[in-house]
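Listed here are the chains, written in short residue letters.
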Amino acid sequence: MPQKYENKLAKLGFFLALTILILLSTLSYVTYQKSYNNEKWVIHTYNVLNQSKELLSTIKDAETAQRGYVISGNDKFLNQLNFSTELYRIQYAELKNWVKDNPKQKTRVSILKNLIEDKFNYVHKVVDIRQKEGHESAVKIIKLGEGKRLMDEIELIFKEIDAEEEILLSEREMKMKKSINTSRAVLFLGTFITLSLFLIIFYSLFKEIKKRKENEELLFVQNEWYTQTLISIGDGVITTDTNGKITMLNKAAAEIGGWTIDELLGQPLESVFNIFDKKTGRKVVNPAIVALKENRTVLLAQDTILKSKNGSDIYIDDSGAPIHDREGNIIGSVLIFRNITEKKKAEEERDLFYNLSIDMIGKAQGGKFISINPAFSEILGYSDEEFLTKGYLEIIHVDDIESTLEEVKKLESGKATVHFVNRYRCKSGEYKSIEWNVIPVKDIFYALGRDITERLKAEEEINAAYRKFYQILESNPVAIIITQIIGGKINYVNDAFSKMVGIDKKLLLNKKSNSFDTLSLEEFEKVTQQILHNGKDKKEIESELKTADGKSINVLYSIESIEIDGVMCYIGSFIDITQRKKSEKEIQLLNQSLEKRVEERTEELQSQKKFTDEILNKIPTEIAVYDHDEKYLYVNPTGIESEEIRDWIVGKTDFDYCKLKGLDLSVATRRHESFEKVKLNETAEWIDELATEDNNVRYMLRILHPLENNKYILTGYDITELKKAEREKEQYINDLEEMMFITSHKVRHPVTQIIGITNLMEESLTQEEVEKVMGYLKQSANSLDSFTKELTMFIYNIRKRNDRENPEDSSLS
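Just so it is clear, the structure is predicted and the values come from calculations on it, not from any experiment.

**Regarding the sheet that holds strand 11 (residues 431-441)**
Strand pairing in a sheet relies on backbone hydrogen bonds, with the paired strands running either antiparallel or parallel.
Here is step 1 of the chain: If you walk across this open sheet you meet the five strands as 9-8-12-11-10, and the pairing is antiparallel. With one partner strand each, in any of the chains shown, strand 9 (368-372) and strand 10 (417-425) form the two edges of the open sheet. For this sheet, the mean angle separating the axes of adjacent strands, direction not counted, is 35°.
Here is step 2 of the chain: As paired strands, strand 8 (residues 360-365) and strand 9 are joined by four bridges and run antiparallel to one another. Each bridged residue has a counterpart across the sheet, and for K363 the counterpart in strand 9 is S371.
Here is step 3 of the chain: Strands strand 10, strand 11 and strand 12 (444-451) of the sheet are contacted by helix 14 (residues 401-412), whose axis makes an angle of about 140° with strand 10.

This is the structure we're talking about:
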């Protein structure tokens, strides 16, 4: 080939090669820019998705902290809640910044802001209610569903954001792949053409071609470095040569360690990048150095810390990889790492809550727990290994398996379990009642359990006490009613009250007490206001009670305030004193009928009546309940005033009480004999004569009734004053009889004498005179005699009528 032609061909080849190279470089640059931009948008999309997930996770953490505090009242949940409240604002600002280029996402994020603020306001509101009003009020607010509604709306917005980003991610990844493929195709095609031209036309320029190939190798190495750097553009990146000296680091790497870029370039990596195992304190071999030696990618172990320039510890997550040339030779290494200190602290706080929680926290899958906290071992006694190898149905009480399986089906359908209780067998063999709250996430159940065994026992004891309390009220012969102070709703009446007013118990319960007009509204309101303002109970108030048929009966009632199930109530007791009132009226009528004849007794009788009224108006009722061994189960304050003695006497007998008080043991003996009679299902009545401290005698009417379950109730009525009244009444009648005797003796004797004189006078007078005088005299004498008989019969009839109308008084007297 002529030299001139060869030169022209060389020039032409050089020109074509140069042209192709320029075009190739331009296309490579354009495709590289597109690839770079597409990759940047892909990373941008990943950042939006990650920020969305972190923000949603923070909201859920706040909701979990709220639930934990409502359930346990532990202040450490408030710390988590406050942390979440501060964190969500930062995360929301970051998310808002990431989506500012997308109008649709920007609109969704704006809507999301209001929902998140409403959610956190609601969470703090529930916590405030829990602090001020207690667990039950907070649970009521939660059950309204406002929190769930807000969470559903928030999750819906997050799903829309994620769906939009997933679509964008798919499109951007496709564009990125297309750009990469185009770049590769352009590079391959251009290289092929260029090499072909150089091989065909520029053989003579072999040395120049060889030099160009060396430049291409250098370009490939640089491209490898830049590619690795771009992949980890959001993290710290450090590259080294084959000797482990730093050749390049990005700004993020310098900021994490507190260095400047210039002071690290050219330094051995191991001398400045010091990493240690947090648990053992030992230095960790740098992954980039291991990658150089072993020609593989090396990941860093967990709990690795980096000593920064100022000596502080920074948790990092990193990896090292070798860098190869085109022939696969190692020409250096790259170290990629990120600062995970905050993430690590959050994980440690989460693990601390998980491990120190008194509640059982775990994950279950396929009928077994796959993860549990230490509370499982503390409550049930199994080691972690023992418990995790068992299916939970193996240690659930056989009677609870069916209900547990039903809850599992509900969880598998996606519905959460709330306050479900079943019994688990402990390692010791005993069973404990566990209350579960479980949330299903796909096929994994996230469970929170609380041991409520002692709480259930306490509730049962409280219910038993209530049953005992109401059994005492029901068996009491005194009419009793319990009403709420606010609103006057009737909570309870015993049979005695229902019988007294003539209204069925079912009609009385849950009605307002003033709707039946049984007690004067004015009087009831007056007593209510006195109790509310003065805080004092009212006892032994005389009033009238209307029955269902409109009749009025006289009652002696007492009202006391009492708290039942957290509600302030009145407990009222009513005693029918109609017969007593009737007796009082009859006594009053008797006094009036005798007032003219026995004026000297009027003042004494009025005093007696006043005294009798005072006794009747203040008759107390003693109530005591015994078990089958004649031991006290309960005694009211009227029976024993001292609260200390009332507490002491439970489980003691009357003999113990007599010894304590120094009383005659005959009182206890009489009660024992009465118990023997009552055990035959008979009611026993007797009167105790008790010596008082002032050397007087106190009379108590005792009535002993049998109850169910081999228990007995004893009621006592102080009849001391009644006894005194009876003796005075008997004395009064004796005085009347004596007066009758004196009257008969002193009146009939003169009458007899007058009659005798009249007979004598008949012998000395004329017949006409005698008949006339004797007629007047006999008429007077007969009138006087008649008066005496009438007076005697009158008093006799009074006593006879009194005996007939008061047979008990007659038997006592």
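**A closer look at the packing of helix 22 (residues 654-661) against helix 23 (residues 665-678)**
Here is step 1 of the chain: At a minimum axis distance of 9 Å, the contact between helix 22 and helix 23 shows a crossing angle of 170°. The angle between the axes of helix 22 and helix 23 places the two elements in the roughly antiparallel class. Mapping the contact onto sequence places D654, F655, C658 and K659 in helix 22 and L665, V667, A668, T669, R671, H672 and F675 in helix 23.
Here is step 2 of the chain: Residues that form the contact of helix 22 with helix 23 fall into these classes: six nonpolar, two polar and three charged.

**With respect to the side chain of N373**
Here is step 1 of the chain: Mapped onto the fold, N373 is located in the loop between strand 9 and helix 12 (374-380).
Here is step 2 of the chain: Here the side chain of N373 touches D359 through a polar contact of 2.9 Å, landing on its backbone oxygen.
Here is step 3 of the chain: The contact partners of N373, leaving out residues within four places of it in the chain, are Y354, S357, D359, M360 and I361.

**Let's talk about the pattern of salt bridges**
Here is step 1 of the chain: This structure, assessed with the given rule, holds 28 salt bridges.
Here is step 2 of the chain: The shortest N-O distance in the salt bridge between R108 and E164 comes to 3.9 Å. Here R108 is found in helix 3 (residues 103-133), whereas its partner E164 is found in helix 5 (residues 146-200), with 56 residues between them in sequence.
Here is step 3 of the chain: The class of R108 is buried, set by a relative accessible area of 18%.
Here is step 4 of the chain: Among the residues examined, E164 registers a relative accessible area of 16% and is labelled buried.
Here is step 5 of the chain: Across the salt bridge formed by R450 and D359, the nearest N and O atoms sit 2.8 Å from each other. Residue R450 is located in strand 12, and its partner D359 is located in the loop between helix 11 (341-356) and strand 8; the two are separated by 91 residues in the primary sequence.
Here is step 6 of the chain: Residue R450 is classed as buried on the basis of its relative accessible area, which comes to 18%.
Here is step 7 of the chain: Several salt bridges share partner residues, and in doing so they unite E63, R67 and K119 into one network.

**A short note on the pairing of strand 21 (residues 697-706)**
Across a regular strand the side chains alternate sides, sitting on one face of the sheet and then on the other.
Here is step 1 of the chain: With eight bridges connecting them, strand 20 (residues 684-691) and strand 21 associate as antiparallel partners. Bridge pairing in strand 21 places D688 opposite M700.
Here is step 2 of the chain: Between strand 20 and strand 21, which pair antiparallel and follow one another directly, the connecting turn spans five residues, one of which, N695, has a positive phi of 65°.
Here is step 3 of the chain: Linking strand 21 to strand 22 (residues 712-718), which pair antiparallel, is a turn of five residues; within it N709 sits at a positive phi near 60°.

**Some words on a nonpolar patch on the surface**
Here is step 1 of the chain: On the surface, F188, L189, F192 and I193 cluster together into a nonpolar patch covering about 430 Å² of accessible area.
Here is step 2 of the chain: Owing to a relative accessible area of 62%, F188 belongs among the exposed residues under this scheme.

**What to know about the side chain of D235**
Here is step 1 of the chain: In this structure, D235 sits in the loop between helix 6 (206-231) and strand 1 (236-240).
Here is step 2 of the chain: What makes D235 buried here is its relative accessible area of 16%.
Here is step 3 of the chain: Side chain to side chain, D235 and R338 meet in a polar contact 2.9 Å long.
Here is step 4 of the chain: Ignoring anything within four residues of it in the chain, the contact list for D235 reads N250, A252, I336, F337 and R338.

**Topic: helix 23**
Here is step 1 of the chain: Here helix 23 spans 20 Å end to end across 14 residues, near enough to the 20 Å set by a 1.5 Å rise per residue.
Here is step 2 of the chain: Every buried residue of helix 23 is listed here: V667, A668, R671, S674, F675 and V678. End-on view of helix 23: buried residues confined to an arc of 115°, all on one side of the axis.
Here is step 3 of the chain: Its buried side turned inward, helix 23 meets strand 18 (621-626), strand 19 (632-635), helix 22, strand 20, strand 21 and strand 22.

**As for the pairing of strand 2 (residues 246-249)**
Here is step 1 of the chain: Where strand 1 lies against strand 2, three bridges are found, and the strand directions are antiparallel. Counterpart to T239 in the pairing with strand 2 is M248.

**A short note on the sheet that holds strand 19**
Here is step 1 of the chain: A sheet is described by the order of its strands in space; here five strands give the open sequence 19-18-22-21-20, paired in antiparallel fashion. Lying at the two open borders of the sheet, with one neighbouring strand each, are strand 19 and strand 20. Strand-to-strand twist of the sheet, defined as the mean angle between neighbouring strand axes without regard to direction, takes the value 25°.
Here is step 2 of the chain: Two elements, strand 21 and strand 22, share seven bridges in a ladder whose sense is antiparallel. The residue of strand 22 that forms the bridge with H705 is I713.

**Some thoughts on the nonpolar core**
Here is step 1 of the chain: Judged by nonpolar contacts, the single largest core of 33 residues is most densely connected at L55, I59, L95, L112, I116, I154 and F158.
Here is step 2 of the chain: Elements represented by at least two residues in this core include exactly helix 1 (3-72), helix 2 (76-98), helix 3, helix 4 (135-143) and helix 5.
Here is step 3 of the chain: No other element matches the ten residues that helix 3 contributes to this core.
Here is step 4 of the chain: Look past the residues within four positions of L112 in its chain and what remains in contact with it is L55, L95, I154, I157, F158 and I161.

**Quick look at the packing of helix 3 against helix 4**
Here is step 1 of the chain: Here helix 3 crosses helix 4 at 155°, and the two axes come no closer than 7 Å. One element, helix 3, and the other, helix 4, form an angle in the roughly antiparallel class. Residues Y122, V126, I129, R130 and E133 of helix 3 form the contact with helix 4, whose own contacting residues are H135, S137, A138, I141 and I142.
Here is step 2 of the chain: Class assignment for the residues of the contact of helix 3 with helix 4 results in six nonpolar, two polar and two charged.

**Considering the confidence of the model for the protein**
Here is step 1 of the chain: Per-residue confidence for the protein gives a mean pLDDT of 78; residues scoring 70 or more make up 78%.
Here is step 2 of the chain: Least confident of the elements in the protein is helix 26 (residues 807-812), whose mean pLDDT is 44; most confident is strand 11, at 93.
Here is step 3 of the chain: The low-confidence segment residues 1-6 (pLDDT under 50) makes three contacts with residues lying over four places distant or belonging to another chain.
Here is step 4 of the chain: Scored below 50 in pLDDT, residues 611-619 makes 18 contacts in the model with residues more than four places away or belonging to other chains.

Reading the values: the criteria
Residues numbered from 1 in each chain as written. Predicted model: local features only at pLDDT ≥ 70, side-chain atom pairs only at ≥ 80, totals over all residues. Heavy atoms only, no water. Pairing = 2+ DSSP bridges. Helix = DSSP H or I, 4+ residues; strand = E, 2+ residues; numbered from the N terminus. Axes fitted to C-alpha atoms, helices over the stretch in contact; angles between N-to-C directions. Contact = heavy atoms within 4.5 Å. Parallel < 35°, antiparallel > 145°, perpendicular 65-115°, else oblique. Nonpolar A, V, L, I, M, F, W, Y, C, P; charged D, E, K, R; others polar. Polar contact = N/O pair within 3.5 Å; in protein donor to acceptor, adjacent residues only side chain to side chain. Salt bridge = Lys/Arg side-chain N within 4 Å of Asp/Glu carboxyl O. Buried < 20%, exposed > 50% of the residue type's maximum accessible area, 1.4 Å probe, protein only. Patch = residues over 30% accessible without salt bridge, like charges linked within 9 Å, V, L, I, M, F, W, Y side chains within 5 Å. Areas by Shrake-Rupley, 256 points an atom, 1.4 Å probe, with all protein chains shown as cover. Expected span 1.5 Å × (residues − 1). Arc of directions from axis to C-beta. Core = buried A, V, L, I, M, F, W, Y, C linked by side-chain atoms within 4.5 Å. pLDDT = per-residue confidence, 0-100.

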